[in-house]
Amino acid sequence: MTVQDITRFQTVEASIESWMDFVEYALASDFYKEALDKLGDPNRASRITLLWTYLNTFSEKDRIRAEEDAEFFLFYARGFIDELATCRYRKEGNYDSETRSLFLGKIKAVLRAQTEEGKIVRPVRYIFLTHVVRFCSNMTFIIESYDMYKDYMFRLRSRVERPRGL
């Protein structure tokens, strides 16, 4: 195993561990519980909770601005997606195919761990994990999630004090 292989492996492992922590935090949040209760849809609730969790990594000032200014939010979302460019497939080929292969294999292993005998045994966690994968690779998915989030925050969610950044 070369130094480059070890570095790839460590990078992918660190990314997956971060995602798992991100998912566990979102899944345990009161925000998710309230969203699930109000929406009755674990798919929508997980998407807006992931976005809420992401926005809470911003400073309070930037979080508020991102919630109010779609262009400001999109600037950060594009940057977030571009940070993962080495693992994401691109038609023009400017990605690291070996890192992408390792990355996809690890994601598949994490998703398989949510199943037993071909059946999903942890459906909510599985939904979160599939959404975090899409959130990290698909700008359209992020924009749709942002629209859902804004609709939820400003139409459905009760006005309660929200936490500052993480």
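The notes below deal with the structure included here. (Residues numbered from 1 in each chain as written. Predicted model: local features only at pLDDT ≥ 70, side-chain atom pairs only at ≥ 80, totals over all residues. Heavy atoms only, no water.)

### Points about the packing of aromatic side chains
- The final tally for this structure, using the stated rule, is 11 aromatic pairs.
- Look at F72 and Y76: their rings are 5.1 Å apart centre to centre, the planes differ by 65°, and that puts the pair in the edge-to-face class. Residue F72 and its partner Y76 are both found in helix α5 (residues 70-83); the two are separated by 4 residues, about one turn of the helix.
- Overall, F72 belongs to the buried group, its relative accessible area being 10%.
- One aromatic cluster is present, built from ring pairs that chain together Y54, F58, F72, F75, Y76 and F135.
- Positioned above the aromatic ring of F141, the side-chain terminus of R47 is 3.9 Å from the ring centre. (Phe/Tyr/Trp six-rings, centres within 6.5 Å; stacked < 30°, edge-to-face > 60°. Helix = DSSP H or I, 4+ residues; strand = E, 2+ residues; numbered from the N terminus. Buried < 20%, exposed > 50% of the residue type's maximum accessible area, 1.4 Å probe, protein only. Lys NZ or Arg CZ within 6 Å of the ring centre and 35° of its normal.)

### Quick look at unusual backbone geometry
- With phi around 50°, E117 is a residue other than glycine that occupies positive phi space.
- Residue position: E117 is located in the loop between β1 (115-116) and β2 (119-120).
- On the basis of relative accessible area, E117 is assigned to the exposed category, the value being 85%.

### A short note on helix α1 (residues 3-28)
- Its 26 residues give α1 an end-to-end C-alpha distance of 37 Å, which sits within 8% of 38 Å, the value for a rise of 1.5 Å per residue.
- Every buried residue belonging to α1 is among R8, V12, E13, I16, W19, F22, V23, A26 and L27, and all of these are buried. (Expected span 1.5 Å × (residues − 1).)

### Considerations on empty space enclosed by the protein
- Counting across every chain of the model gives 1 cavity of 30 Å³ or more.
- There is about 60 Å³ of room inside the largest cavity.
- Forming the boundary of the largest cavity are I16, W19, M20, I107, V110, L111, L129, V132 and V133.
- Elements with a contribution of two residues or more to the lining of the largest cavity: α1, α6 (97-112) and α7 (123-135).
- For the lining of the largest cavity, the per-class residue count stands at 9 nonpolar, no polar and no charged. (1 Å grid on protein atoms, 1.4 Å probe; cavity = no way out; pocket = protein on both sides within 12 Å on 5 of 7 lines; lining within 4 Å. Points joined across faces, edges and corners; volume = space filled by probe spheres on them. Nonpolar A, V, L, I, M, F, W, Y, C, P; charged D, E, K, R; others polar.)

### Here's the deal with the pattern of salt bridges
- All chains considered together, the criterion is met by 5 salt bridges.
- A salt bridge links E67 to R63, with the shortest nitrogen-to-oxygen separation between them at 3.5 Å. In this pair, E67 and R63 both sit in helix α4 (residues 60-68), 4 residues apart, roughly one turn of the helix. Neither E67 nor R63 differs from the other in exposure class; each is buried. (Salt bridge = Lys/Arg side-chain N within 4 Å of Asp/Glu carboxyl O.)

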